[in-house]
Amino acid sequence: MTDIPITPEVTALPRMPRRADGKVNLIGLTRPRLQEALIAAGTPEKQAKMRADQLWQWIYQRGESDFAAMTNLAKAYRASLAENFVIERPEVVSKLVSADGTRKYLVRISGGHEVEVVYIPEEDRGTLCISSQVGCTLTCSFCHTGTQKLVRNLTAGEIVGQIMIARDDLDEWPKPGEGSDARPRLLSNIVLMGMGEPLYNFENVRDAMKIAMDPEGISLSRRRITLSTSGVVPEIARTAQEIGCQLAVSFHATTDEVRDKLVPINRKWPIATLLDALRAYPKASNSERITFEYVMLKGVNDSDADARRLVQLIRGIPAKINLIPFNEWPGAPHERSDWERIESFADIIYKAGYASPIRTPRGEDIMAACGQLKSATERARKSRAEIAAEAGI
């Protein structure tokens, strides 16, 4: 089929954000929207699907950002693409590497805002913890991000772009002449546990994860993607239906009185309402258990009575409980539970028939551990007393 160059004059791309120079970033567009963009820019409709498929593989399977390198497209067509589009990742401002190999990236997005992304290498996997918002609305008292006000949602391109910059840094893209599986898979898992509440940015998170799961691109299994929510009940069933990934819940307390303080969204959707939604979760099964995340806070939620109450609350839900030793940060109003207390708590859960792994803190020396993320440009200097007062503690 003959390539027909697109005309630079035809640039009316409806409903698609454009840069100051009028160009559209292709990263983050779903397949249908990519086709729509190409057609709007002059690609004949009969060619649009094929061209979108070719671009998709270059962008997400090979990590290419230069149209000139896309050698299965005619030279004139490549030049015309460059007139209308860019393939632009977020900017990596800095990278810190922990003594345990954890990498934390400070990433700048449109508007000059910054988010943090963390890569955690393990023997059998490499997990990338990505962000969905700049800041957060939830003000969970144990979370550093919660002390930062919400600035805005990330776009689908900014979310999937975090995966791409990590693959860049890990040198994971295939080289020219190599197959897509020629290099070892260093980034094998994604957790939406960074900055923000993913279910308050549902559409962008969904589109980004669909791109990550696409078998002709980044090609991550849905079972290797875990979305963590604090309990946005109306969107929980939708997560199973429209994304299909694994689900984790930031639970952290066994009574509404305590959870209201730790996870203020509980005042809107209390424990009983949340658990009803989880029992009805379409994908909950023994092979796809819901993960309950439970941060261990000294003298707050770590008693044997809490452990026994937790077991009773989740009864009937295929589940595992991840116990997270609290990762302290400057001004934090809580302390980490003693190790013996954590082990006693875990033992009660284990004897009740639930997996209860204790998460090993990673990247604490670079403030990359769970609950420690907070973008440098939005960082507010608050005292421990101010943070505790805001949390109602």
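Residues numbered from 1 in each chain as written. Predicted model: local features only at pLDDT ≥ 70, side-chain atom pairs only at ≥ 80, totals over all residues. Heavy atoms only, no water.

Caption draft 1: Summary view of the overall build of the chain. Along the backbone of the chain there are 11 helices and 13 strands. Taken across its 393 residues, the chain has 53% of its residues classed as buried. The long-range fraction of contacts in the chain, counting pairs at least 24 apart against all pairs at least 6 apart in sequence, stands at 67%. Surface exposure of the chain reaches about 16,700 Å², of which carbon and sulfur atoms provide 50%. (Helix = DSSP H or I, 4+ residues; strand = E, 2+ residues; numbered from the N terminus. Buried < 20%, exposed > 50% of the residue type's maximum accessible area, 1.4 Å probe, protein only. Contact = heavy atoms within 4.5 Å. Areas by Shrake-Rupley, 256 points an atom, 1.4 Å probe, with all protein chains shown as cover.)

Caption draft 2: Quick peek at the layout of surface pockets. Roughly 600 Å³ of volume is contained in the second largest pocket. Surrounding the second largest pocket, 26 residues form its lining, P17, N25, S110, T155 and E158 being those nearest its centre. When contributions to the lining of the second largest pocket are tallied by element, the ones reaching two or more residues are strand 1 (24-25), helix 4 (156-169) and helix 5 (202-213). Split into classes, the residues belonging to the lining of the second largest pocket amount to eight nonpolar, seven polar and 11 charged. (1 Å grid on protein atoms, 1.4 Å probe; cavity = no way out; pocket = protein on both sides within 12 Å on 5 of 7 lines; lining within 4 Å. Points joined across faces, edges and corners; volume = space filled by probe spheres on them. Nonpolar A, V, L, I, M, F, W, Y, C, P; charged D, E, K, R; others polar.)

Caption draft 3: Structural detail: the packing of aromatic side chains. Inspection of every chain in the model, using the stated rule, returns three aromatic pairs. If you follow R31 out to its NZ or CZ, it ends over the ring of W56, 4.6 Å from the centre. Taking NZ or CZ as reference, R51 lies 5.6 Å from the ring centre of Y77, over its face. (Phe/Tyr/Trp six-rings, centres within 6.5 Å; stacked < 30°, edge-to-face > 60°. Lys NZ or Arg CZ within 6 Å of the ring centre and 35° of its normal.)

Caption draft 4: Structural detail: the packing of helix 4 against helix 5. For the pair helix 4 and helix 5, interaxial distance at closest approach is 8 Å and the crossing angle is 40 degrees. Put simply, helix 4 runs oblique to helix 5. Considering the relative orientation of helix 4 and helix 5, their crossing is right-handed. Note on element contacts: helix 5 touches helix 4 through N204, V205, D207, A208, M209, I211 and A212, opposite A156, I159, V160 and I163. Residue composition of the contact of helix 4 with helix 5, grouped by class: nine nonpolar, one polar and one charged. (Axes fitted to C-alpha atoms, helices over the stretch in contact; angles between N-to-C directions. Parallel < 35°, antiparallel > 145°, perpendicular 65-115°, else oblique. Left-handed = near helix turned anticlockwise from the far one by under 90°.)

Caption draft 5: Representation of the side chain of E235 in the model. Structurally, the position occupied by E235 is in the loop between strand 10 (225-229) and helix 6 (236-242). Judged by relative accessible area, E235 falls into the buried class, the value being 18%. Separated by 3.2 Å, the side chains of E235 and R238 make a polar contact. If sequence neighbours within four positions are ignored, E235 has contacts with L199 and F202. (Polar contact = N/O pair within 3.5 Å; in protein donor to acceptor, adjacent residues only side chain to side chain.)

Caption draft 6: The arrangement of the environment of V232 in detail. Within the secondary structure layout, V232 lies in the loop between strand 10 and helix 6. Between the C-alpha atom of V232 and that of L274, which follows or precedes it by 42 residues, the distance is 8.1 Å. Dropping the residues within four chain positions of it, V232 is found in contact with E197, L199, Y200, I265 and W269.

Caption draft 7: Representation of the nonpolar core within the structure. Core analysis: the largest hydrophobic core is formed by 100 residues, its most contacted members being L55, M209, L278 and F292. Setting aside chain neighbours within four positions, we find L55 in contact with L26, L34, L38, F67, M70, L73 and L81. (Core = buried A, V, L, I, M, F, W, Y, C linked by side-chain atoms within 4.5 Å.)

Caption draft 8: Highlighting helix 10 (residues 339-351). In a regular helix each residue adds 1.5 Å, so 13 residues correspond to 18 Å; helix 10 covers 18 Å between its end C-alpha atoms and thus fits that length. Along helix 10, the positions that sit buried rather than exposed are I342, F345, A346, I348 and I349. The arc enclosing the buried residues of helix 10, seen along the axis, measures out at 155 degrees, which places them on a common side. Facing away from the buried side of helix 10, by more than 90 degrees, are the exposed residues E340, Y350 and K351. Elements in contact with the buried residues of helix 10: strand 12 (290-296), helix 9 (304-313) and strand 13 (319-325). After helix 10 finishes, the residue G353 shows a positive phi value of roughly 100 degrees. (Expected span 1.5 Å × (residues − 1). Arc of directions from axis to C-beta.)

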